[in-house]
Amino acid sequence: MPRILIAGCGYVGQATADLFHDAGWEVEGWTASAESAAKLSDKRYPTVAVDIADTDHVAAHAKSFDAVIHCASTRGGDVALYRRVYLTGAGNLLERFDQATIVFTSSTSVYAQENGEWVTEESAAAPQHETGKILRETEELVLSHSGIVARLAGIYGPGRSALLKRFSSGEATIDPQNDHFVNQAHRDDIAAALLLLLSRRVDAVQIYNIVDDEPILQSECYGWLAAKLNRPLPPVGGSASGRKRGRSNKRVSNAKLRRLGWTPGYPSFSEAMQGSILPSFEIPGT
Ligand SMILES: NC(=O)c1ccc[n+]([C@@H]2O[C@H](COP(=O)([O-])OP(=O)(O)OC[C@H]3O[C@@H](n4cnc5c(N)ncnc54)[C@H](OP(=O)(O)O)[C@@H]3O)[C@@H](O)[C@H]2O)c1
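Criteria and cut-off values
Residues numbered from 1 in each chain as written. Predicted model: local features only at pLDDT ≥ 70, side-chain atom pairs only at ≥ 80, totals over all residues. Heavy atoms only, no water. Helix = DSSP H or I, 4+ residues; strand = E, 2+ residues; numbered from the N terminus. Rg over C-alpha atoms; globule rule 2.2 N^0.38 Å. Buried < 20%, exposed > 50% of the residue type's maximum accessible area, 1.4 Å probe, protein only. Contact = heavy atoms within 4.5 Å. Areas by Shrake-Rupley, 256 points an atom, 1.4 Å probe, with all protein chains shown as cover. Lys, Arg positive; Asp, Glu negative; His and termini not counted. Charge placed at Lys NZ, Arg CZ, Asp CG, Glu CD. 1 Å grid on protein atoms, 1.4 Å probe; cavity = no way out; pocket = protein on both sides within 12 Å on 5 of 7 lines; lining within 4 Å. Points joined across faces, edges and corners; volume = space filled by probe spheres on them.

1. Let's talk about the overall build of the chain
Counting its secondary structure elements, the chain contains 10 helices and 13 strands. For the chain, the C-alpha radius of gyration of 19 Å lies close to 19 Å, the compact-globule estimate for 286 residues. Along the first, second and third principal axes, the C-alpha set of the chain runs to 55 × 40 × 35 Å. Looking at the chain as a whole, 49% of its 286 residues are labelled buried. A separation of at least 24 residues holds for 77% of the contacts in the chain among residues at least 6 apart in sequence. Accessible surface computed for the chain: about 13300 Å², of which carbon and sulfur atoms make up 47%. Seen as two clouds, the 29 positive and the 33 negative side-chain charges of the chain have centres 3 Å apart.

Printed below as a string of structure tokens:
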């Protein structure tokens, strides 16, 4: 029975751990806090609080694994936290599990293209922000140790959609000057892609984008939600986040992953919303 460590058993990590377990893998999940580990105590696999950025802590909990997925998240945070969780965390996992295939869940945010062009794994990945540069540094570290980099698009799924949250809370605005493509991936499609990558024993030192089939303009997402929920369109105005300049605008291709045989269960925004996300959300006033 192959053994896998899910280092960062959060939103994506849990779904991934469940899927590997169902597929017959022996699974262990790590979280940062004891509270999060305790919340997972009903899982059919062990979950332990281990800080991947703490070399001694990792060493104390090290066992033999065939594969390790680094999907711990800083949940935002500053440069120091990025360095700690992504770069130091990956370094510790690579050092301690040098016999395992390591997968790092990076982000499609590393593509800084601004003109709505399609990007593939071959395209330049030159993020402007310091946090993005740390993700790239971590990617290079993992690739240099024959690992796999999975670049995840914006994660959504049951109980999670940043766009739907903004729309339903009334915080959304449509900004025609700064409309841009949104690239997203459903949680369960990400888990399926990770299982495929590690079951197929794909060539190491590879990068794969994990994203649905249809990048969609943010204004179209809001238009779709307005029609579906019978609500007015969000007002025209500047983005509340103020993140305009230097924001990327690109369409991320999943062709490389699809060539391996991965097919998203939720290939588009509308299919994910209708089939999974809207039924899981409490929408005020509905
Ligand atoms: N959010 C997005 O749309 C997006 C887009 C692209 C890529 N990603 C990447 O996708 C991955 C998964 O994200 P997610 O949304 O599933 O994350 P999440 O729900 O926030 O879960 C993160 C998990 O990592 C654990 N963790 C954090 N720091 C840790 C540490 N130092 N040592 C061990 N575990 C640690 C957390 O434990 P606690 O609960 O105890 O804190 C939690 O279990 C991350 O690598 C993220 O950067 C996210």
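2. Remarks on empty space enclosed by the protein
Where empty space is left in the structure can be found by rolling a water-sized probe over the atoms. Applying the stated criterion to the full structure yields one cavity of 30 Å³ or more. Each pocket or cavity is described by its volume, and for the largest cavity that value is around 30 Å³. Taken together, T55, V58, A59, N92, E95 and R96 make up the full set of residues lining the largest cavity. Elements supplying a minimum of two residues to the lining of the largest cavity: α3 (55–60) and α4 (79–96).

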